[in-house]
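Reading the structure
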Number of protein chains: 2
Amino acid sequence: MSKRPLILVTNDDGITAPGIRKLIQLMNSIGDVVVAAPDSPQSGMGHAITVDATLTFNKVKIDDGPQTEYQCSGTPADCVKMAVRLALDRKPDLCVSGINHGSNSSVNVIYSGTMSAAVEAGVEGIPAIGFSLCDYSLDANFEHLDEEILSITKNVLENGIPEGVVLNVNFPKTENKFKGIKICRQAKGNWEETFDKRESPTGKEYYWLSGKFVNHDKGEDTDEWALENDYVSIVPVQYDLTAYHAIQNLNSWDL
Amino acid sequence: MSKRPLILVTNDDGITAPGIRKLIQLMNSIGDVVVAAPDSPQSGMGHAITVDATLTFNKVKIDDGPQTEYQCSGTPADCVKMAVRLALDRKPDLCVSGINHGSNSSVNVIYSGTMSAAVEAGVEGIPAIGFSLCDYSLDANFEHLDEEILSITKNVLENGIPEGVVLNVNFPKTENKFKGIKICRQAKGNWEETFDKRESPTGKEYYWLSGKFVNHDKGEDTDEWALENDYVSIVPVQYDLTAYHAIQNLNSWDL
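Residues numbered from 1 in each chain as written. Chains lettered and ligands numbered in written order. Predicted model: local features only at pLDDT ≥ 70, side-chain atom pairs only at ≥ 80, totals over all residues. Heavy atoms only, no water.

Labelled according to an unreviewed UniProt entry, chain A appears under the name 5'-nucleotidase SurE, originating from Urechidicola vernalis.

Structure, rendered in structure tokens:
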């Protein structure tokens, strides 16, 4: 690519989260960066959009970097929509989302604000990558991810991504050096929720959602296997949700 | 099925919306019904879940029907999770979501609270169907959908649904009699947004998200084609988002 690429950066943890600040710093070394990110944390927002409330979208300056930044009152998907329509004078060459504080492997992809921003960019025809580190703590260490993020990003800029596909990249939480980068499928798994029941000072019952992820998939070609074995996982994710393999079966129904 | 099936009913328009009241009435004719639905409209919530706020889940009585009902302060996906853990003593035989006031065809499926509830049920191993009527008005007419809803529901109870698949059923807005029911793929399309900029009384800028859906797909096997031609569309939807066809291409990258 002869001229510097235009890169849109977003996330779901909010514009001041350490993960996005690291990603902005890395993208500044590759291209011209525009940031459009939520003004507050939006974890677990899935592909929510704001249809029944107003939105704000304001230019802000957060550090001394060369990037242009906007903070948005909406969801990650709103951020991408607003950036495309209000902040960018041409379609960006790439959208990167993250680095998320926590895993978006396996079924987590469907709850993920980080990945919904990437998918929204994909729907807009923009090559897109979501980056997540399997460490939920706010002081997670993002310092050792540079090489892999730059390598994956440069590959996307040079090779493009097949139409209708975005990349879901997860980094394992490990003290070891990464063993490599693996292209994976999404592991079968689900969350076994528990609801922690409490009582308000006025005697009203309320709950906190909690739970643990359970991997039901023994496959060695899955993102869960890769992450457990110190590999960085990349799952190509599509937003044509049609289960083509089920069409023939359904056509045999007496409807 | 010898005994009456246990059916979980939910939606994203809120527990008092005409669409869910109609669906409850129909399901009461087939099985034992438990309702768990949002206490306020949750349209466009995608697959959001509530991770950083408390939730309420309260038994309510809304009409004289035999069903048991709970209203939940969370998203459609939260409703399904809470129903499964707090309200049901066994896994239901079916989850139906809707009837949504508005289309969930084509790319709308990724923004849809109605479909996220169905997908959440699918992840829990419950056969699930989302029903939507392509009419956004709150006084939309749901009276002519009975035959098709009952037929599709009975087929699911008798035949099951392939593992990892849920059904996305859309009804056209038409004055004509439906021509039939078609198994379809998700049409390629996107929303071209416009942001309506306004100013608050104190001079602060804000926006309303608006826009129009654009169908980029001429295929006669799509949900958009079926709906435009007065057919009811059924798209089998999967939540394994892996783009398997892209894995080989990505494996050729120099990572």
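Read on, since the account is not over.
Time to look at the relation of the copies chain A and chain B. Taken as rigid bodies, chain A and chain B are interconverted by a rotation of 180° and an axial shift of 0.0 Å, the fit giving an RMSD of 0.0 Å. Taken together, the rotation and translation describe the operation of a two-fold axis. A symmetric contact is evident, with 100% of the interface residues of chain A recurring at the interface of chain B. (Least-squares fit on C-alpha atoms with pLDDT ≥ 70 in both. Contact = heavy atoms within 4.5 Å.)

Residues and elements named next belong to chain A. Read from one edge of the open sheet, nine strands run E3-E4-E2-E1-E5-E6-E7-E11-E8, paired in mixed fashion. A strand with exactly one partner marks an edge of an open sheet, and here the two such strands are strand E3 (57-60) and strand E8 (180-183). Neighbour-to-neighbour, the strand axes of the sheet open up by a mean angle of 20°, direction not taken into account. Pairing analysis gives five bridges linking strand E5 (residues 94-101) to strand E6 (residues 128-133), with the strands arranged parallel. Counterpart to Val96 in the pairing with E6 is Ile129. Contacting strand E1 (6-10), strand E2 (32-38), strand E4 (68-72), E5 and E6, helix H1 (residues 18-28) runs over the sheet at an angle of about 145° to E5. (Pairing = 2+ DSSP bridges. Helix = DSSP H or I, 4+ residues; strand = E, 2+ residues; numbered from the N terminus. Axes fitted to C-alpha atoms, helices over the stretch in contact; angles between N-to-C directions.)

To continue, consider the UniProt feature "binding site: a divalent metal cation" (unreviewed entry) in chain A. All names here are of chain A. Per the UniProt record, the feature "binding site: a divalent metal cation" (unreviewed entry) sits at Asp12, Asp13, Ser43 and Asn100. The greatest C-alpha distance among the residues just named is 9.0 Å, despite their covering 89 residues of sequence, which places them together in space. Positionally, Asp12 belongs in the loop between E1 and H1. You can call Asp12 buried: its relative accessible area is 3%. Every residue in contact with Asp12, bar those within four places of it in the chain, is listed here: Pro38, Ser40, Pro41, Gln42, Ser43, Gly44, Pro76, Asn100, Gly113 and Thr114. One can find Asn100 in strand E5. Overall, Asn100 belongs to the buried group, its relative accessible area being 6%. Among the polar contacts listed, one links the side chain of Asn100 to the backbone oxygen of Gly102, at a separation of 2.8 Å. (UniProt positions renumbered as here; feature names shortened; annotations may be inferred. Buried < 20%, exposed > 50% of the residue type's maximum accessible area, 1.4 Å probe, protein only. Polar contact = N/O pair within 3.5 Å; in protein donor to acceptor, adjacent residues only side chain to side chain.)

Inspection of every chain in the model, using the stated rule, returns 32 salt bridges over all chains. Across the pair Arg4(A) and Asp32(A) runs a salt bridge, and its minimum N-O distance is 3.2 Å. Here the residue Arg4(A) occupies a position in the segment before E1, and Asp32(A) occupies one in strand E2, the gap between them amounting to 28 residues. The exposure class assigned to Arg4(A) is partly exposed, which follows from its relative accessible area of 41%. Residues Arg21(B) and Asp63(B) are paired through a salt bridge, measuring 3.0 Å at the closest nitrogen-oxygen approach. Taken as a pair, Arg21(B) in helix H1 (residues 18-28) and Asp63(B) in the loop between strand E3 (57-60) and strand E4 (68-72) lie far apart in primary sequence, 42 residues in all. Relative accessible area serves as the criterion here: at 15%, Arg21(B) is assigned to the buried category. Given a relative accessible area of 30%, Asp63(B) falls into the partly exposed group. (Salt bridge = Lys/Arg side-chain N within 4 Å of Asp/Glu carboxyl O.)

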